[in-house]
Amino acid sequence: MNRAISVSLALAAILFGTIQLIPYRVHNPPVEQEPQWDSAETEALARRACFDCHSNEVIVPWYGRVAPSAWLVRRHVDEGRHALNFSEMHRPQHEAHEAGEEVLEGEMPPLYYLAMHRGARLNPEETAALVAGLDATLGSSTEDEGAGSRPVGGDGRARADSDSDSDSDSDSDSDSDSQPD
Ligand code: HEC
């Protein structure tokens, strides 16, 4: 009996030791290009609430260094970076314009993360500031067309009157095929 217990403990220890050798952990590649934040506050809030899954500056907790929990952390970070990576804005970030909405709807940051990271919890004012800041920095999902990097000035509202950008984007008035071949 006692012997059976010690044997199982020894096996468990060996197994635990062995899985540590599997090199599936979070790594931080170099930061390539950050967004042009609309304000230092937006950046600070995003760093606090989003960067642990959506950047190359992930702060890995102790359980992210030990298998098997490290594998879960790695997977979440992989998926998070795949959806949006604030450190790689030189690549297309197709979901970026949804960031504000995700926060507004309480989808991001995920609850399981907030449960373990009190510092990432935002009060209502901070949440509102982050939503507005993300919309201003990355574009908003409500203004469909400009998906992605639409530079917007200052206070989070696109200024409708400043189209110095020659071709005014045709909304949805379709069929006039004025397209020269
Ligand atoms: C604990 C990790 C984690 C944190 C922290 C986190 N996210 Fe995410 N995020 C994910 C994962 C995983 C996905 C992809 C899977 C999914 O959609 O749930 C994702 C997806 C997204 C998407 C793509 C939309 C979608 O539904 O796929 C956006 C935009 C996003 N996150 C924004 C944010 C913002 C903004 C913050 C900070 C306020 C944040 N996330 C914080 C893990 C995280």
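Before reading further, recall that the structure is shown in the block above.
Helix and strand content of the protein chain: six helices and zero strands. Element order for the protein chain, N to C, with α for helix and β for strand: α-α-α-α-α-α. Buried positions account for 23% of the 181 residues belonging to the protein chain.

The next point concerns helix α1 (residues 2-19). In this model α1 runs 26 Å from its N-terminal to its C-terminal C-alpha over 18 residues, within 8% of the 26 Å that 1.5 Å per residue would give. Burial runs low along α1: only zero of the 18 residues are buried.

It is worth spelling out the site of the ligand at this point. With respect to spatial proximity, 20 residues lie near the ligand, and among them Cys50, Cys53, Gly80, Met108 and Tyr113 are the closest. Elements with a contribution of two residues or more to the shell around the ligand: α3 (69-83) and α4 (99-104). Among the elements that take part in the shell around the ligand, α3 stands out by supplying four residues, more than any other. Split into classes, the residues belonging to the shell around the ligand amount to twelve nonpolar, three polar and five charged.

Looking at the element boundaries, Leu130 is found in helix α6 (residues 124-138). Look at Leu130 and you get buried, because 24 C-beta atoms sit within 10 Å. Remark: the alpha-carbon pair of Leu130 and Leu104, spanning 26 residues in sequence, is separated by 8.8 Å. With near-sequence residues (within four places) excluded, Leu130 lies in contact with Thr42, Leu45, Ala46, Ala49, Val103 and Leu122.

Ranked by size, the top nonpolar core spans 23 residues in total, and within it Ala46, Ala99, Val103, Leu130 and Leu134 carry the most contacts. Those elements that place two or more of their residues in this core are α2 (40-49), α3, α4 and α6. At six residues, the largest contribution of residues to this core is made by α6. Setting aside residues up to four positions removed in sequence, Val103 forms contacts with Met108, Thr127, Leu130, Val131 and Leu134.

A few words on the environment of Leu134. Looking at the element boundaries, Leu134 is found in helix α6. Take Leu134: there are 29 C-beta atoms within 10 Å of it, and that puts it in the buried class. Along the backbone, Leu134 and Gly100 are 34 residues apart, and their C-alpha atoms lie at a distance of 5.2 Å. Each residue touching Leu134, except ones within four places of it in the same chain, is listed here: Thr42, Ala99, Gly100 and Val103.

Most peptide bonds adopt trans geometry, and most residues besides glycine take a negative phi value. Going from Ala67 to Pro68, the amide bond is cis rather than trans, its omega being 5°. A cis geometry characterises the amide bond from Met108 onward to Pro109, with omega recorded as -5°. Among the structural elements, Pro109 can be located in the loop between α4 and α5 (111-116).

It is worth spelling out the packing of α2 against α6 at this point. Interaxial distance between α2 and α6 falls to 9 Å at its minimum, and their mutual angle equals 110°. One way to sum up the angle between α2 and α6 is to call them roughly perpendicular. For the pair α2 and α6, the contacting residues are Glu41, Thr42, Leu45, Ala46 and Ala49 in the first and Glu126, Ala129, Leu130, Gly133, Leu134 and Thr137 in the second. Split into classes, the residues belonging to the contact of α2 with α6 amount to six nonpolar, three polar and two charged.

A word on α6. Between its first and last C-alpha atoms α6 spans 21 Å; for 15 residues at 1.5 Å apiece the expected length is 21 Å, and the two agree. Where α6 is buried, its residues contact α2 and α4. Looking one or two residues past α6, Gly139 carries a phi angle of roughly 90°, positive in sign.

Quick notes on the rules
Residues numbered from 1 in each chain as written. Predicted model: local features only at pLDDT ≥ 70, side-chain atom pairs only at ≥ 80, totals over all residues. Helix = DSSP H or I, 4+ residues; strand = E, 2+ residues; numbered from the N terminus. Buried ≥ 20, exposed ≤ 12 C-beta atoms within 10 Å, placed from the backbone. Expected span 1.5 Å × (residues − 1). Near = placed C-beta within 6 Å. Nonpolar A, V, L, I, M, F, W, Y, C, P; charged D, E, K, R; others polar. Contact = placed C-beta atoms within 7 Å. Core = buried A, V, L, I, M, F, W, Y, C linked by C-beta atoms within 7 Å. Axes fitted to C-alpha atoms, helices over the stretch in contact; angles between N-to-C directions. Parallel < 35°, antiparallel > 145°, perpendicular 65-115°, else oblique.

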